[in-house]
Amino acid sequence: GAVVSQHPSRVICKSGTSVKIECRSLDFQATTMFWYRQFPKKSLMLMATSNEGSKATYEQGVEKDKFLINHASLTLSTLTVTSAHPEDSSFYICSARTRISAYEQYFGPGTRLTVT
Amino acid sequence: GNSVTQMEGPVTLSEEAFLTINCTYTATGYPSLFWYVQYPGEGLQLLLKATKADDKGSNKGFEATYRKETTSFHLEKGSVQVSDSAVYFCALSDGNNDMRFGAGTRLTVKP
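Residues numbered from 1 in each chain as written. Chains lettered and ligands numbered in written order. Predicted model: local features only at pLDDT ≥ 70, side-chain atom pairs only at ≥ 80, totals over all residues. Heavy atoms only, no water.

Draft legend 1. Broad picture of the packing of aromatic side chains. A full pass over the atoms with the stated rule returns 12 aromatic pairs over all chains. Plain terms: the ring middles of A:Phe107 and B:Phe101 are 5.8 Å apart, the flat faces sit at 70° to each other, and that makes the pair edge-to-face. Separated into two different chains, A:Phe107 in strand E10 (residues 106-107) and B:Phe101 in strand E11 (residues 100-101) make up a pair that spans both. Assessed through its relative accessible area of 10%, A:Phe107 is described here as buried. With a relative accessible area of 13%, B:Phe101 lands in the buried category. Joined through ring pairs, the aromatic side chains of A:Phe34, A:Tyr36, A:Phe107, B:Phe34, B:Tyr36, B:Phe89 and B:Phe101 make up one cluster. (Phe/Tyr/Trp six-rings, centres within 6.5 Å; stacked < 30°, edge-to-face > 60°. Helix = DSSP H or I, 4+ residues; strand = E, 2+ residues; numbered from the N terminus. Buried < 20%, exposed > 50% of the residue type's maximum accessible area, 1.4 Å probe, protein only.)

Draft legend 2. Main features of the pairing of strand E7 (residues 56-59) of chain B. Residues and elements named next belong to chain B. Relative to strand E8 (residues 62-65), E7 runs antiparallel, the two being bridged by 4 bridges. Its bridge partner lying in E8, Asn59 is registered against Phe62. Between E7 and E8, which pair antiparallel and follow one another directly, the connecting turn spans 2 residues, one of which, Lys60, has a positive phi of 55°. (Pairing = 2+ DSSP bridges.)

Draft legend 3. Local environment of the side chain of A:His71. Residues and elements named next belong to chain A. Position of His71 relative to the elements: it lies in strand E7 (residues 67-73). The exposure class assigned to His71 is buried, which follows from its relative accessible area of 4%. One polar contact links the side chain of His71 to the main-chain amide nitrogen of Glu52, over a distance of 3.4 Å. (Polar contact = N/O pair within 3.5 Å; in protein donor to acceptor, adjacent residues only side chain to side chain.)

Draft legend 4. Layout of unusual backbone geometry. That bond from A:His7 to A:Pro8 is cis: its omega, 0°, falls within 30 degrees of zero. As for its placement among the helices and strands, A:Pro8 is situated in the loop between strand E1 (4-7) and strand E2 (10-13). Positive phi, close to 75°, is recorded for B:Asp54, a residue that is not glycine. The residue B:Asp54 is located in the loop between strand E6 (44-50) and E7 in this model. Exposure remark for B:Asp54: the relative accessible area of 54% places this residue in the exposed category. In this model, B:Lys60 sits at a positive phi of 55°, which is unusual for a non-glycine residue. Locating B:Lys60 in the fold gives a position in the loop between E7 and E8.

Draft legend 5. Seen up close, the nonpolar core. Ranked by size, the top nonpolar core spans 26 residues in total, and within it A:Phe67 and A:Leu113 carry the most contacts. When sequence neighbours within four positions are dropped, the list of residues in contact with A:Leu113 reads A:Val11, A:Cys13, A:Val19, A:Val81, A:Asp88, A:Ser89, A:Ser90 and A:Tyr92. Judged by nonpolar contacts, the second largest core, of 25 residues, contains B:Val11, B:Tyr66, B:Ala86 and B:Leu107. (Core = buried A, V, L, I, M, F, W, Y, C linked by side-chain atoms within 4.5 Å. Contact = heavy atoms within 4.5 Å.)

Draft legend 6. Structural view of the sheet that holds E7(A). All names here are of chain A. Spatially, the 4 strands line up as an open sheet ordered E1-E3-E8-E7, and their pairing is antiparallel. Edge positions in the sheet fall to E1 and E7, since each has one partner strand and no second. Strand-to-strand twist across the sheet, computed as the mean angle between neighbouring axes with direction ignored, equals 15°. Examined bridge by bridge, strand E3 (residues 19-25) and strand E8 (residues 76-81) share 6 bridges and lie antiparallel to one another. Note that in E8 the partner of Glu22 across the bridge is Thr78. (Axes fitted to C-alpha atoms, helices over the stretch in contact; angles between N-to-C directions.)

Read these as spatial facts, not as claims about activity.
Pasting the structure below:
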């Protein structure tokens, strides 16, 4: 149980285009989802926290107009990278948390974004 | 705020060697503690966890004990294998905020 999927696993896009990454909790309801960014050989950096049905809370330094997060249902959150640039190339990981088990987060497999 | 300090490495060991990766934390209250493993190009996999003081988490030969008196959660394995080569993250969760991660420790095990 507690499986989180991400789609796509890899995406290559051209500079200036937008890319949407989906994060789904497959067998549980996720009241809170988190989006992380991981630079090569670095730890995870929290980008934003989203609760179902409300606006995401962004960490300091993360551009909310560039990284659009939508948590439309208890099983789906999306991250849209708008007007992507090469510096947005990174590994993006989502995680989900339930109300029942607030201490634990379940992580998706990650999405590798390459902007050319 | 909550934070995790982790031995950064990299760590290189020979097969069957003993492994210790140190992790200490700072937190208010009674957090849960975790170790995650990340293989190249993949996401994080939960390796083990402990939810209260003196709990020992274990999985696949790895162990870590939640020590409140020393605020530590060191990861150990008695005999590492080449397949254990990966990056290991220590993490903390207080149930209210996001999970806090250590910097990660890259382990390479040579045959």
